[in-house]
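# Structural features, examined
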Amino acid sequence: MSLLEVTGLTAGYGPARVLHGIDLTVDDGEVVVVLGANGAGKTTTMRALAGAIPHQGSIVFDGAPLTGLRPDTIVGRGISLVPQGRGTFSHLSVLENLRVGAARRRDKAEIAADIDRWCEVFPRLRERSGQEAGTLSGGEQQMLAVARALMSRPRLLLCDEPSLGLAPVIVAELFRTLAEINREQGTALLLVEQNAELALGIADRVHLLEVGRVVAAGPVAEFRDNESVRRAYLGD
Ligand code: ATP
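Residues numbered from 1 in each chain as written. Predicted model: local features only at pLDDT ≥ 70, side-chain atom pairs only at ≥ 80, totals over all residues. Heavy atoms only, no water.

If you check an unreviewed UniProt entry, the protein chain appears there as ABC transporter ATP-binding protein from Actinomadura craniellae. As stated in UniProt under Sequence similarities (unreviewed entry), the record for the protein chain gives "Belongs to the ABC transporter superfamily." (UniProt positions renumbered as here; feature names shortened; annotations may be inferred.)

Below you can see the structure in the form of structure tokens.
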């Protein structure tokens, strides 16, 4: 059984249905990327998984259904979202943002150790620990958003277009770090990304989303070899 098993997921906004029955799996420790054009429903999928919008269909995580659970309960189960546009608390300091990420935890010493650790991984966060998040650069805010999500010690990290609006050199650094976190901690990653080349570089498997449906899924190698995928997503 996979760590995350999504079957027939439908969701939308009011009467407008955006997802029309998504099937998707992520195995323990795996990196899975979701590719799709603008408006395909990638962000909506991530929101439904994080419990931020209502859905129908089945989401099973670590053997237990998530349907109907509140977002913070889902965090407690081991899923953490890095939302599109970062979503840090701009008037809280870097340190306060990190503490918010650990809001459900009670292990004070371990929380402090984790803060230390993520400041090691993202040294700019330590340099700016007392600064309001809103004053950070885009790249620093994205790193803070990732570090904050990791503060809940998730088994599955959902990342919604982490490269958006960032300079290529920052994006490369961020992806290297995500790959490292996956490798060293075994944290599974579900990644939505416009930059297909980059995403395929760290992914094990791909799901291709078109207008609210998964139209193809499989290992990265299959996608790299697929002509129409190359044309549509890799700019060939
Ligand atoms: P993008 O790459 O542009 O973020 P996406 O694949 O993530 O695309 P979604 O953001 O999931 O796509 O949007 C899917 C559809 O849902 C779009 O048609 C969008 O206009 C619509 N939509 C998104 N958010 C809302 C909202 N809050 N209210 C109403 N419709 C929405």
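## Focus: the pairing of strand 1 (residues 4-13)
Looking along a regular strand, one sees side chains alternate from face to face of the sheet. Pairing geometry for strand 1 and strand 2 (residues 16-26), over eight bridges, is antiparallel. The residue of strand 2 that forms the bridge with Y13 is A16. Hairpin connection, strand 1 to strand 2: the antiparallel pair is bridged by two residues, and G14 has positive phi, about 60°. As defined by bridge partners, strand 1 adjoins strand 4 (residues 55-61) across six bridges and the pair is classed as antiparallel. Within the sheet, the bridge partner assigned to A11 lies in strand 4 and is H55. (Pairing = 2+ DSSP bridges. Helix = DSSP H or I, 4+ residues; strand = E, 2+ residues; numbered from the N terminus.)

## Brief notes about the side chain of E193
On the secondary structure map, E193 appears in the loop between strand 8 (188-192) and helix 8 (196-202). Summary of buried charges: E193 has no salt-bridge partner, and the nearest side chain of opposite charge, K42, is 9.4 Å away. Separated by 2.5 Å, the side chains of E193 and S163 make a polar contact. If near-sequence neighbours (up to four positions away) are discounted, E193 is found in contact with V33, V34, L35, E161, P162, S163, F175 and A199. (Buried < 20%, exposed > 50% of the residue type's maximum accessible area, 1.4 Å probe, protein only. Lys, Arg positive; Asp, Glu negative; His and termini not counted. Salt bridge = Lys/Arg side-chain N within 4 Å of Asp/Glu carboxyl O. Polar contact = N/O pair within 3.5 Å; in protein donor to acceptor, adjacent residues only side chain to side chain. Contact = heavy atoms within 4.5 Å.)

## As for the layout of surface pockets
Empty space within the largest pocket amounts to approximately 520 Å³. What lines the largest pocket is a set of 24 residues, and nearest its centre among them are P71, D72, V75, S80 and L81. Contributions of two or more residues to the lining of the largest pocket are made by helix 2 (71-77), strand 6 (79-82), helix 3 (94-101) and helix 6 (138-150). In terms of residues, the lining of the largest pocket owes the most to one element, helix 2, which gives six residues. (1 Å grid on protein atoms, 1.4 Å probe; cavity = no way out; pocket = protein on both sides within 12 Å on 5 of 7 lines; lining within 4 Å. Points joined across faces, edges and corners; volume = space filled by probe spheres on them.)

## Structural notes on the sheet that holds strand 10 (residues 213-219)
Reading across the sheet, the six strands line up as 6-7-8-3-9-10 and stay open at both edges, with mixed pairing between neighbours. Here the strands that pair on one side only, and so sit at the sheet edges, are strand 6 and strand 10. Each adjacent strand pair in this sheet contributes to an overall mean axis angle of 15°, direction not counted. Note that strand 9 (residues 205-210) and strand 10 share six bridges and pair antiparallel. Pairing of R205 across the sheet is with P219, part of strand 10. Lying over the sheet, helix 7 (residues 168-185) contacts strand 3 (31-36), strand 7 (156-160) and strand 8, oriented at roughly 150° with respect to strand 8. (Axes fitted to C-alpha atoms, helices over the stretch in contact; angles between N-to-C directions.)

## Focus on the packing of aromatic side chains
Taken as a whole, this structure holds zero aromatic pairs when the rule is applied. A cation sits over an aromatic face here: R117 above W118, 5.1 Å from the ring centre. (Phe/Tyr/Trp six-rings, centres within 6.5 Å; stacked < 30°, edge-to-face > 60°. Lys NZ or Arg CZ within 6 Å of the ring centre and 35° of its normal.)

## A few points about the side chain of R105
Mapped onto the fold, R105 is located in the loop between helix 3 and helix 4 (108-121). Among all residues touching R105, those that are not within four sequence positions of it are E110, I111, D114, M151, S152 and R153.

## So, the pairing of strand 9
With five of six residues buried, strand 9 is to be regarded as a mostly interior element. The sheet contact formed by strand 3 and strand 9 spans five bridges and is parallel. Its bridge partner lying in strand 9, G36 is registered against L209. The loop that links strand 9 with its antiparallel partner strand 10 comprises two residues; one of these, V211, has a positive phi angle of about 30°.

## As for the sheet that holds strand 1
In spatial order, the strands read 2-1-4-5; together these four strands make up an open sheet with antiparallel pairing. Every other strand in the sheet has two partners, leaving strand 2 and strand 5 (64-65) as the edge strands with one partner each. Where strand 4 lies against strand 5, two bridges are found, and the strand directions are antiparallel. Bridge pairing in strand 5 links V60 to P65. Set on the sheet, helix 1 (residues 42-49) makes contact with strand 1, strand 2 and strand 4; between it and strand 1 the angle comes to about 110°.

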